[in-house]
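Descriptive analysis of the structure
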Amino acid sequence: RSTLFPYTTLFRSASNCPKLTTIRLNGVTYIGDEAFLNCTVLVAVELGADVQHIGMGAFKNCSSLATATIPPNVTFIGDYAFANCPELKSMTIMDGVVEIPAYCFQNDTSLEQVILPTSIEKVGENAFENCPNIEVYVPTLDRDEAEELLGVKMVAKAEDDDTILKCDKDTS
């Protein structure tokens, strides 16, 4: 079941919704804390270009969520926004987003690829904790800058000179 929300602000509007599989948030600017918490059959999220705020835990525990894109106008993402989404395989973060908060993708065990935009200035503590298969692409940073930003050691370098960091590995 696909749902189009006709509101500009969502506050826990669909948390624990047992039938919501796909959402399109066109015209929505604010997604509140835990707005879609525990939507266990939610597979796809289409965040419209108007979204500016993604609250803490907004999509936490969406155990079937497979893909999502964070649009460029997002100025705030709360901690744990996409945590505990074990089926999430890829995440696109558009240029304009400046921070990935703490624990944002914690326990997203299927997450394989995240491409950070050139606008990223900060990655919060344990943003990719327990993501054993992840590769984080950091297109514009050199090795030292990328290691400092993410707090991990680099293990690979792409052919096109993008910096690739494998997270959640032994970095000693």
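Above: the structure in question.
A brief look at the structure comes next. Predicted model only: the values in this text are computed from it and were never measured.

Comments concerning the pairing of strand β5 (residues 44-47)
Every second residue of β5 is oriented toward a common face, the buried set being V45 and L47 and the non-buried set A44 and E46. Here strand β3 (residues 22-25) pairs with β5 via four bridges, running parallel. Opposite I23, over in β5, you have V45 as the bridge partner. Bridge count between β5 and strand β7 (residues 67-70): two bridges; the pairing is parallel.

A few points about the nonpolar core
In this structure, I31, I54, F59, F82, M91 and F105 are the most contacted members of the largest nonpolar core, which totals 42 residues. When sequence neighbours within four positions are dropped, the list of residues in contact with F59 reads I23, I31, F36, L42, V45, L47, I54, L65, A81, F82, A83 and C85.

Let's talk about the pattern of salt bridges
For the coordinates displayed, the defined rule picks out two salt bridges. Between K122 and E99 there is a salt bridge whose closest N-O contact spans 3.9 Å. Taken together, the positions of K122 in strand β12 (residues 122-123) and E99 in strand β10 (residues 99-100) put the pair 23 residues apart, joining distant regions of the chain. Since its relative accessible area comes to 35%, E99 is described here as partly exposed.

Cut-offs applied
Numbers given for residues are sequential positions, taken from 1 along each chain in its written order. Only residues with pLDDT of at least 70 get local features here, since the model is predicted, and only at 80 or more are side-chain atom pairs given and counted; chain-wide, interface and lining totals rely on the full set of residues. By convention in this description, side-chain values take in all heavy atoms of the structure and omit both hydrogens and water. Accessible area is worked out with a 1.4 Å probe on protein chains only. A residue is then buried under 20% of its type maximum, exposed over 50%, and partly exposed in between. A helix here means a DSSP run of H or I that spans at least four residues, while a strand means a run of E at least two residues long, and both kinds are numbered starting from the N terminus. DSSP bridges decide pairing: two strands pair if at least two such bridges lie between them. We call a set of buried residues a nonpolar core when its members are Ala, Val, Leu, Ile, Met, Phe, Trp, Tyr or Cys and they connect through side-chain atoms within 4.5 Å of each other. Note on definitions: a residue-residue contact is assigned when non-hydrogen atoms from the two residues lie within 4.5 Å. Only one rule defines a salt bridge in this text: a Lys or Arg side-chain nitrogen within 4 Å of an Asp or Glu carboxyl oxygen.

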